[in-house]
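Chain and residue survey
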Amino acid sequence: MARKVVPIGPFHPLQEEPEFFRLYVEGERVVDIDIEIGYNHRGIELLSETKTFDQATFLVERICGICSTSHPIAYVNATEDLTGVKPPPRAEYIRAITGELERIHSHLLWIGLAGHFIGYNTVWMWTWKYREPVLDVFERFSGNRNHYAVMKPGGVRRDFPEDVKDFALKVMDDLEKEMMWLAKAVPDDPVLVARLKDVGVLTYEDARAYGAVGPTAPASGLAIDVRKDEPYAAYDKVKWDVVVLPNGDVYDKFIVRVLEILESIKIVRQCLLEMPEGDLETKIEEYPPGEGIGRHEAPRGEVFHYVRSEGGNNPARHKVRAPSYNNIPTAKVTCVGGHIADAALTLASVDPCYCCTERLVVVDGNRRLTAQELIKLSIEKTERLRAKYRGRS
Amino acid sequence: MSAVENIKGKFGDRVRVFERSDRRVYVDAERKDVVEIGLYLYKDLGCRFVTASCVDTRRGFEILYHFSLDETGQVISVRTIVPHDDPTIESLGKDLVAVEWIEREIWEFFGVEFQGHPDPRRLLTSEDRPPDFHPFRRDMPRTRSEDEWRGK
């Protein structure tokens, strides 16, 4: 059977950001994949060296729109590791609330997109509707639906007002009911299960070898989560669990995210109710020469910042590693061997954030499929499965 | 035995271990030993590879390979210096797939050659950059015209 190449990218409606995946297919099976990145490369690490330590917080917030507070949290953790300063307790609770609300809205967005990729537009519309009140909480708290500008080295910039607290508690209660419903509805739908189960499997060994993080890793049985392994903010002061599942397929990655939303709701609720009074920041007097390493469990996994100081006002080196950098290469083992119709979903299952990673891919060959054709293939597969199940009942 | 004790026990004089805090460990080593230490951390101690950073300092290119020991929450960073006049080091990416991309990135931005790397291509910038385009090096001018960047 002749080898054909299927391009997904670089600019295409199926993925939110430009990147290029070259899939080599024989018939309907994917036999190889090449990933090229760099379309969103903006030179942020070099730019950081021209900013002061405080300004760098705002710079890294703009690395990503959807995980916007993840980079600032990791960065301020790094500056606090460098200077030995600890933020006051109230600031730690506010950091945890911000981080978890972000996880909730990011996962809801992903669930909607996954639904869209397989033709379940109802799931898409509903999850994005559930997402709106969470963004409203952010807007009332920080003034913005994304890019909240809450973090600063040593503490937080804004307080969480009392009236927003009550509103947020109500939003959490409503969302919890909606998520419990979703958590039961997905396994009940045979077509969804058929589309997601045993698709794009990432084994435990491969997850370790690629350094996979985030929901991708626990879905393959790798129980890691920076919030538990190296606690920061208020994560060790409230009760919650890490969700781990064994199979590593898209279904497990889906369920891990649904259950993580429920855990995040628990964290936000406890933080809102238990948040102590007090200062919002500990002043950092100086940045001594040295280095700091800070991490945060973003919605997509561990964000890692390394900050080097030579005693001046600016970072001498600021290395940023976003979780998708380690997760996207796993596509090499999860896509290969699968069907073309599953490729788009498998690539999306690690919840790639390209702005965080800067990726691109190239395609060549005789046959070219556009993005529309790929979505069409995916939806057609769902329709075939639906017809099969309808025929049975 | 703790991870630090294990590392000291296995490598003895070939490393200098510095515990900056209970969660931050730095292992200084010669560049020829880095692959062995890295694989020991990954295979024997069960660490997870996080990323690698490179800093251009007066002593040379300082490369740190960061590993995370998730059971204890420690970050163990293996530090080595690669001299400016001979910027080569054996690739860890050829043995551990998680390291492949970051070694490409360090080559791309600093010009450090990772010997034995399976895929030595540019990662983040386009292929039409001139071969000496390593923008993080301290001796690279920070501003150039577009034609100069493109090697014209």
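Described below are features of the structure shown in this document. Treat the numbers as computed from the prediction; the structure is a model and nothing was measured. (Residues numbered from 1 in each chain as written. Chains lettered and ligands numbered in written order. Predicted model: local features only at pLDDT ≥ 70, side-chain atom pairs only at ≥ 80, totals over all residues. Heavy atoms only, no water.)

1. Quick word on the packing of helix H1 (residues 3-11) of chain B against helix H2 (residues 34-44) of chain B
Residue and element names in this part refer to chain B.
- Where H1 contacts H2, the axes come no closer than 12 Å and their chain directions differ by 140 degrees. Here H2 runs oblique to H1, going by the angle between their axes. Between H1 and H2 the crossing geometry is right-handed. Taking contact as the criterion, the partners of Asn6, Ile7, Lys10 and Phe11 in H1 are, on H2, Glu36, Ile37, Tyr40 and Leu41.
- Of the residues assigned to the contact of H1 with H2, the class counts are 5 nonpolar, 1 polar and 2 charged. (Axes fitted to C-alpha atoms, helices over the stretch in contact; angles between N-to-C directions. Helix = DSSP H or I, 4+ residues; strand = E, 2+ residues; numbered from the N terminus. Parallel < 35°, antiparallel > 145°, perpendicular 65-115°, else oblique. Left-handed = near helix turned anticlockwise from the far one by under 90°. Contact = heavy atoms within 4.5 Å. Nonpolar A, V, L, I, M, F, W, Y, C, P; charged D, E, K, R; others polar.)

2. Description of the packing of aromatic side chains
Residues and elements named next belong to chain A.
- Following the criterion strictly, the structure yields 16 aromatic pairs over all chains and no others.
- Judged by centre distance (4.0 Å) and plane angle (10 degrees), the ring pair of Phe53 and Tyr287 falls under stacked. Note that Phe53 is positioned in helix H2 (residues 53-61) and Tyr287 in the loop between helix H10 (250-274) and strand E6 (290-298), a separation of 234 residues in sequence.
- On the accessibility criterion, Phe53 (2% relative accessible area) is buried.
- Owing to a relative accessible area of 13%, Tyr287 belongs among the buried residues under this scheme. (Phe/Tyr/Trp six-rings, centres within 6.5 Å; stacked < 30°, edge-to-face > 60°. Buried < 20%, exposed > 50% of the residue type's maximum accessible area, 1.4 Å probe, protein only.)

3. Thoughts on unusual backbone geometry
All names here are of chain A.
- Although it is not a glycine, His147 adopts a positive phi angle of roughly 60 degrees.
- Considering the arrangement of structural elements, one finds His147 in the loop between helix H5 (121-142) and strand E4 (151-152).
- When its relative accessible area of 22% is taken as the criterion, His147 is described as partly exposed.
- Within the chain, Ala149 stands out as a residue other than glycine whose phi angle is a positive 50 degrees.
- Residue Ala149 is classed as buried on the basis of its relative accessible area of 15%.

4. Structural notes on the interface of chain B and chain A
- Counting from both sides, the interface comprises 44 residues of chain B and, opposite them, 41 residues of chain A.
- Interface of chain B and chain A: buried area, both sides summed, is about 3,500 Å²; carbon and sulfur atoms make up 50% of it.
- Viewed at the interface, chain A and chain B are joined by 8 salt bridges.
- Glu230 of chain A is paired through a salt bridge with Arg24 of chain B; the nearest N and O atoms lie 3.1 Å apart.
- Taken together, chain B and chain A are joined by 22 residue pairs in polar contact (both at pLDDT 80 or more).
- Elements supplying a minimum of two residues to the side of chain B that touches chain A: strand E2 (24-29), strand E3 (48-57), strand E4 (60-69), strand E5 (74-82) and helix H3 (100-110) of chain B.
- At 9 residues, the largest contribution of residues to the side of chain B that touches chain A is made by E3 of chain B. (Buried area = accessible area lost by both parts, 1.4 Å probe. Salt bridge = Lys/Arg side-chain N within 4 Å of Asp/Glu carboxyl O. Polar contact = N/O pair within 3.5 Å; in protein donor to acceptor, adjacent residues only side chain to side chain.)

5. Describing the nonpolar core
- Counting residues in each nonpolar core, the largest one holds 83 residues, and the members touching the most others are Leu101, Ile104, Ile111, Phe160 and Met179 of chain A.
- Contributions of two or more residues to this core are made by H2, helix H3 (70-83), helix H4 (89-117), H5, helix H6 (162-188), helix H7 (190-196), H10 and helix H13 (340-349) of chain A.
- Considering every element that reaches this core, the biggest residue donor is H4 of chain A, with 14 residues.
- With residues near it in sequence (within four places) discarded, Met179 of chain A still touches Leu108, Ile111, Val258, Ile261 and Leu262 of chain A.
- Core analysis: the next-biggest nonpolar cluster, separate from the first, contains 60 residues, Ile37 of chain A together with Leu41, Val82 and Phe110 of chain B among them. (Core = buried A, V, L, I, M, F, W, Y, C linked by side-chain atoms within 4.5 Å.)

6. Regarding the sheet that holds strand E1 (residues 15-21) of chain B
All names here are of chain B.
- Strand order in the open sheet formed by 5 strands is E1-E2-E5-E4-E3, and the pairing between neighbours is mixed. Strands with a single pairing partner mark the edges of an open sheet, and in this sheet they are E1 and E3. Taking the axes of each pair of neighbouring strands and ignoring which way they run, one obtains an average angle of 20 degrees across the sheet.
- Sheet analysis places E1 next to E2, joined by 6 bridges and oriented antiparallel. (Pairing = 2+ DSSP bridges.)

7. Some thoughts on the pairing of E6 of chain A
Residue and element names in this part refer to chain A.
- Burial within E6 is extensive, with 8 of its 9 residues counted as buried.
- Examined bridge by bridge, E6 and strand E7 (residues 301-309) share 9 bridges and lie antiparallel to one another. Looking across to E7, one finds that Glu291 is bridged to Arg308.
- Between E6 and E7, which pair antiparallel in sequence order, lie 2 residues.

8. Some remarks on the packing of H2 of chain A against H3 of chain A
All names here are of chain A.
- H3 packs onto H2 with a crossing angle of 155 degrees between their chain directions and a minimal axis gap of 8 Å. The angle between H2 and H3 places the two elements in the roughly antiparallel class. H2 and H3 meet at a crossing whose hand is right-handed. Side by side, H2 and H3 meet where Phe53, Ala56, Thr57, Val60 and Glu61 of the first sit next to His71, Pro72, Tyr75, Val76, Thr79 and Leu82 of the second.
- Within the contact of H2 with H3, the residues separate by chemical class into 7 nonpolar, 3 polar and 1 charged.

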